[in-house]
Amino acid sequence: MTKYGFGKTVDMSFDDAIVHVTQALQDEGFGILADIDVAGAMKKKLNQDMPPYRILGACNPPLAHRALESEPSIGLLLPCNVVVRQDETGTVYVEFMDPNAVLELVNKPEITALASEVRQQLERVMQAL
């Protein structure tokens, strides 16, 4: 999809996609630390309308703990962002930050291995949708 993410279109409403992706993340051990309503913020701050767009900050605590123990500053690259967005035609997309692309910036073998593990979990989430 991009150098920094992957995802897919889903055949469901925006609201249903939020529910399904949240449940699929939970099934893989992730919780949502942040839920940013980008469309709402654009309306409030700029009085600009846009289709629904949410950024979910997903975290798997045991994996995050391992990463933080290995590299304390890695919090700058966390959590894993998941975007649920709808375009002007009504198509809904679920997109995942690619931990391999982001965490390769750290350049540590243990973080590279951890990134691969997280990527596999996020791919399973995507397949569950």
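Conventions adopted
- Every residue gets a number counted from 1 within its own chain, in the order that chain's sequence is written.
- Restriction of local features to residues with pLDDT of at least 70 applies here, the model being predicted, together with a cutoff of 80 or more for giving and counting side-chain atom pairs; totals for whole chains, interfaces and linings are based on all residues.
- Just so you know, side-chain values use all the structure's heavy atoms and leave hydrogens and water out.
- Under this definition, polar contacts are N or O atom pairs within 3.5 Å; protein pairs additionally need one hydrogen-donor-capable and one acceptor-capable atom, and for neighbouring residues in sequence, both atoms have to be side-chain atoms.
- Secondary structure elements are taken from DSSP: a helix is a run of H or I of four residues or more, a strand is a run of E of two residues or more, and numbering for both begins at the N terminus.
- Every case where a carboxyl oxygen of Asp or Glu lies within 4 Å of a side-chain nitrogen of Lys or Arg is listed as a salt bridge.
- To sort residues, take the accessible area from a 1.4 Å probe on protein chains only and compare it with the maximum for the residue type: under 20% means buried, over 50% means exposed, and anything in between is partly exposed.
- Strands qualify as paired when DSSP identifies two bridges or more between them.
- For helices, the fitted axis covers only the stretch in contact; all axes are lines through C-alpha atoms, and the angles between them, taken along N-to-C directions, range from 0 to 180 degrees.
- Pairs of residues are marked as contacts when any of their non-hydrogen atoms sit within 4.5 Å.
- What a helix is expected to span follows from its residue count: subtract one and scale by 1.5 Å.
- Directions pointing from the helix axis toward each C-beta atom define the arc.

1. Focus: helix α2 (residues 38-46)
Okay, so step 1: A distance of 3.4 Å separates the backbone nitrogen of alanine 39 from a side-chain oxygen at the start of α2, and that oxygen is part of aspartate 37.
Okay, so step 2: Asparagine 47, located one to two residues past α2, shows a positive phi value of around 55°.

2. A short note on the pattern of salt bridges
Okay, so step 1: For the coordinates displayed, the defined rule picks out eight salt bridges.
Okay, so step 2: Salt-bridge contacts for lysine 43 lead to aspartate 49; the nearest nitrogen and oxygen are separated by 3.2 Å.
Okay, so step 3: Owing to a relative accessible area of 36%, lysine 43 belongs among the partly exposed residues under this scheme.
Okay, so step 4: Classification of aspartate 49 by relative accessible area gives exposed; the value is 63%.
Okay, so step 5: Linked through salt bridges whose partners overlap, the residues forming this network are Asp98, Arg119 and Glu123.

3. With respect to the sheet that holds strand β1 (residues 5-10)
Okay, so step 1: With respect to topology, five strands assemble into an open sheet ordered β1-β5-β4-β3-β2, the strand pairing being antiparallel. If you trace the sheet from one side to the other, it starts and ends with β1 and β2 (31-37), each paired once. Ignoring which end each strand starts from, the neighbouring axes of this sheet average 20° apart.
Okay, so step 2: Pairing between strand β3 (residues 53-59) and strand β4 (residues 80-86): six bridges, direction antiparallel. In the strand pairing of β4, isoleucine 55 is matched with valine 83.
Okay, so step 3: Contacts between helix α5 (residues 109-128) and the sheet are confined to β1, β4 and β5 (92-97), with β1 contributing the most and set at about 10° to the helix.

4. Quick word on helix α1 (residues 14-27)
Okay, so step 1: Look at α1: 20 Å from first C-alpha to last across 14 residues, which is about the 20 Å you get at 1.5 Å a residue.
Okay, so step 2: Taken together, the buried positions of α1 are occupied by Phe14, Ala17, Ile18, Val21, Ala24 and Leu25. Buried residues of α1, viewed axially, fall in a sector of 140°; they line one side. In this structure, α1 carries Asp15, Val19 and Asp27 as exposed residues pointing more than 90 degrees from its buried face.
Okay, so step 3: Just beyond α1, the residue with positive phi is glycine 29, at close to 90°.

5. A look at the pairing of β4
Okay, so step 1: Looking at chain direction, β4 and β5 are connected through five bridges and run antiparallel. Its bridge partner being in β5, valine 83 is matched across the sheet by glutamate 95.
Okay, so step 2: Between the antiparallel neighbours β4 and β5 lie five residues, among them glycine 90 with a positive phi of about 95°.

Honestly, it's all geometry; don't read function into it.
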